[in-house]
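# Structural features, examined
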Amino acid sequence: MVEYPDSPRDNVFDDFHGTAIADPYRWLEEMDSSRTRDWVDAQNALTASLLDSSGRRDALQRRMRELWDFPRQSAPVRRGDWYFYSRNDGLQPQPVLYRRPVDGDGEFMVLDPNDLSADGTVAVMTQSFTSDGGLLAYSLAEAGSDWQTAHVLDTRTGEVLDDVVRWIKFTPLAWTPSGDAFYYSRYPAPGEMPDAPPSTHHRVYLHRLGTDQSEDELIYARPEAPDLGFLPVITDDDELLVLHGWEGTDTRNRLYYRRLDSREAFVRLLDDFDAKYQVVGHHDGRLLVLTDRQAPRGSIIAIDLENPARSSWETIVEETEDTLEFASIVAGRLVVGRLRHAHHVVSIYEMNGAAVRELELPGVGTVTEMAGKPWHRELFIGFQSFVQPPAVLR
């Protein structure tokens, strides 16, 4: 009989609106405590003993290597005259970032995360390129941690700049059009707000290249709403800085914005926390938004920023029987992905919502990613299925 490590239950309760909820294993949230480490070591020792005694460890390891040993590549992202993509040749712990010219031959390695740690547990989490592809802002996480550290790399020379941004998680890195600064969100550094609970007071900053993080400009904060987090995004036309406000794992969110060249207060465009609102793009003075408001399976609406009253919203892409999961603007058209009977379909629409066609995918499967910009003439799609390995479609 297997004797599992002791997993004591602490007498911990939270009071949620008069209801007591037990949380006996909260002690395991203290990742670096000796108690947690001892428990993890004991669990690992038990697993290793069972595998070693089974006599099948080598066979299992061989089979797992066979199943994982195949090349896979991400969909290319075009910036300037370059395509950027990640590739794992088979058994590399982390995929390697490459670039190649749009019109030309040759492949150049940009970043190999496998060189950053002996055991391959440092991973690139977020990647953001300047418009010409000359600079890459990227974040690193160690051993699966949510906490990340952002760095900047010159893709032309391979030089890692001195810029370092810490205490970040759950944030994009949004370059300004000039390519000399980026927006990001972070939590307070240890000791910065000693009375605040962990992972609260998410705030938006602007980091300018060549400066220390202590000099970063605070762009937005909501101290009266400490659980509210922010995703800063710059629209593809470089006109708006949009903040997606989120709370925990709730699919509902808030939406604020201001003109990118403005220092005025953010407009709280959607602040009722009543539905999901995901910005697709900014077009002709209107914000195109994927939402499930009054459309459980999803629709795309247009909000005139000069007249944002809900009564004036226009539905561009109607709700259908299929669930709308993602959308983007490529080549001046809307590319919309839906879930139909547990597989993805991708459709093209004009910007006014007129249907153009449904793309012919290789079969019943899953779209894992899409890459393209409004001014590009090509769309890249990551696709896979139960009978087809991951592939990139153009």
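Per chain, residue numbering runs from 1 following the sequence as it is written. Only residues with pLDDT of at least 70 get local features here, since the model is predicted, and only at 80 or more are side-chain atom pairs given and counted; chain-wide, interface and lining totals rely on the full set of residues. Calculation of side-chain values draws on the structure's entire complement of heavy atoms; hydrogens and water are dropped beforehand.

Attention now moves to the overall build of the protein. The helix and strand labels rest on DSSP assignments: H or I over at least four residues marks a helix, E over at least two residues marks a strand, and numbering proceeds from the N terminus. In terms of helices and strands, the protein carries two helices and 30 strands. Radius of gyration means the value over C-alpha atoms here, while the globule rule gives 2.2 Å times the residue count to the 0.38 power. Whereas a compact globule of 394 residues would reach a radius of gyration of roughly 21 Å, the protein reaches 24 Å, a difference of no more than 12%. When burial is assessed residue by residue, the protein has 42% of its 394 residues classed as buried. Here a residue-residue contact requires only that any non-hydrogen atoms of the pair lie within 4.5 Å. Nonlocal contacts in the protein, meaning residues at least 24 apart in sequence, comprise 31% of its contacts between residues at least 6 apart. In this description, accessible areas are obtained by the Shrake-Rupley approach with a 1.4 Å probe, and a residue is regarded as covered only by the protein chains that are shown. Surface exposure of the protein reaches about 22,100 Å², of which carbon and sulfur atoms provide 49%. Think of it this way: Lys and Arg go in the positive column, Asp and Glu in the negative one, and His and the chain ends go nowhere. Charge placement uses NZ in Lys and CZ in Arg. For Asp and Glu, CG and CD serve respectively. Once the 40 positive and 65 negative side-chain charges of the protein are each reduced to a mean point, those two points are 4 Å apart. Residue exposure (1.4 Å probe, protein chains only): buried if accessible area is under 20% of the type maximum, exposed if over 50%, otherwise partly exposed.

The subject of this paragraph is the packing of aromatic side chains. A pair of Phe, Tyr and Trp rings is counted when the ring centres sit within 6.5 Å of each other, with Trp represented by its six-membered ring. The angle between the planes then sorts it: under 30 degrees is stacked, over 60 is edge-to-face, the rest tilted. Within this structure, the stated rule accounts for 15 aromatic pairs. With a centroid separation of 5.8 Å and an interplanar angle of 75 degrees, the aromatic rings of W147 and Y187 are classed as edge-to-face. With W147 in the loop between β9 (135-142) and β10 (148-154) and Y187 in the loop between β13 (181-186) and β14 (203-208), this residue pair connects regions lying 40 residues apart in the sequence. Residue Y187 is classed as buried on the basis of its relative accessible area of 4%. Their ring planes at 45 degrees and their centres at 6.4 Å tell us that F230 and Y256 sit as a pair that is tilted. Residue F230 is found in strand β16 (residues 229-234), and its partner Y256 is found in strand β18 (residues 253-259); the two are separated by 26 residues along the sequence. Each of the two residues, F230 as well as Y256, counts as buried.

Read across the sheet, four strands follow the order β20-β21-β22-β23 without closing on themselves; strand pairing throughout is antiparallel. Lying at the two open borders of the sheet, with one neighbouring strand each, are β20 (277-283) and β23 (314-317). Ignoring which end each strand starts from, the neighbouring axes of this sheet average 35 degrees apart. Sheet topology note: the β20/strand β21 (residues 286-291) ladder contains six bridges and is antiparallel. Residue pairing for β21: H283 is matched across the bridge by R286. When DSSP finds at least two bridges between two strands, those strands are taken to pair. Think of each axis as a best-fit line through the C-alpha atoms, taken over the contacting stretch in the case of a helix, with angles from 0 to 180 degrees between the N-to-C directions.

In this structure, D112 sits in the loop between β7 (108-111) and β8 (122-129). Between the alpha carbons of D112 and V96 there is a distance of 4.8 Å; along the sequence they are 16 residues apart.

Time to look at the side chain of S128. Note that S128 resides in strand β8. Here a polar contact is taken to be a pair of N or O atoms separated by no more than 3.5 Å, where protein atoms must pair a possible hydrogen donor with a possible acceptor and residues adjacent in sequence count only if both atoms sit in side chains. Within the local environment of S128, its side chain forms a polar contact with the backbone oxygen of L173, the two atoms lying 2.6 Å apart.

With that settled, the discussion passes to the pattern of salt bridges. The working definition used for a salt bridge is a side-chain nitrogen of Lys or Arg within 4 Å of a carboxyl oxygen of Asp or Glu. Throughout the structure, instances matching the rule amount to 28 salt bridges. Among the salt bridges present, the one from R222 reaches E224, with a minimum N-O distance of 2.3 Å. Measuring nitrogen to oxygen at the nearest pair gives 3.3 Å for the salt bridge that ties E239 to R259. In this pair, E239 sits in the loop between β16 and β17 (240-246) while R259 sits in strand β18, placing the two residues 20 residues apart along the sequence. You can call E239 partly exposed: its relative accessible area is 36%.

So, about helix α1 (residues 34-54). An α-helix turns once every 3.6 residues. As a result, residues three or four positions apart point the same way. Take the number of residues in a helix, subtract one, and multiply by 1.5 Å to get its expected span. In this model α1 runs 30 Å from its N-terminal to its C-terminal C-alpha over 21 residues, within 8% of the 30 Å that 1.5 Å per residue would give. In the segment just after α1, G55 is the residue with positive phi, at about 75 degrees.

This part is about a nonpolar patch on the surface. A contiguous nonpolar surface patch, about 410 Å² in accessible area, is contributed by M64, L67, W68 and L91. In this structure, L67 sits in helix α2 (residues 57-68). In this structure L67 comes out as partly exposed when scored by relative accessible area, which is 46%. Patches here: salt-bridge-free residues with over 30% relative accessible area, like charges joined within 9 Å, nonpolar side chains (Val, Leu, Ile, Met, Phe, Trp, Tyr) joined within 5 Å.

This brings us to the pairing of strand β2 (residues 19-22). Inspection of the sheet shows strand β1 (residues 13-16) paired to β2 by four bridges, in the antiparallel sense. Residue D15 lies in a different strand from β2, and its bridge partner there is A20. Following β1, the chain reverses through two residues before pairing antiparallel with β2; H17 in that reversal takes a positive phi of roughly 55 degrees.

On to the sheet that holds β10, then. Sheet architecture is open: four strands sit in the order β8-β9-β10-β11, paired in antiparallel fashion. Of all strands in the sheet, those with a lone pairing partner are β8 and β11 (160-168), marking the two edges. Direction aside, neighbouring strands of the sheet carry axes that sit 25 degrees apart on average.

Quick look at unusual backbone geometry now. Not every positive phi belongs to a glycine, and D238 is a case in point at roughly 60 degrees. Along the chain, D238 turns up in the loop between β16 and β17. Of note in the backbone geometry, A342 takes a positive phi value of approximately 70 degrees without being a glycine. Owing to a relative accessible area of 69%, A342 belongs among the exposed residues under this scheme.

Note that Y205 resides in strand β14. Classification of Y205 as buried rests on a relative accessible area of 7%. Residues Y205 and R186, spaced 19 residues apart in sequence, show a C-alpha to C-alpha distance of 7.7 Å.

As a further point, take the side chain of Q213. Mapped onto the elements of the fold, Q213 is located in the loop between β14 and β15 (217-220). Taking relative accessible area as the criterion, Q213 reaches 13% and is therefore assigned buried. Not counting the four nearest positions on each side in its chain, Q213 is found in contact with V164, V165, R166, Y184, R186 and H207.

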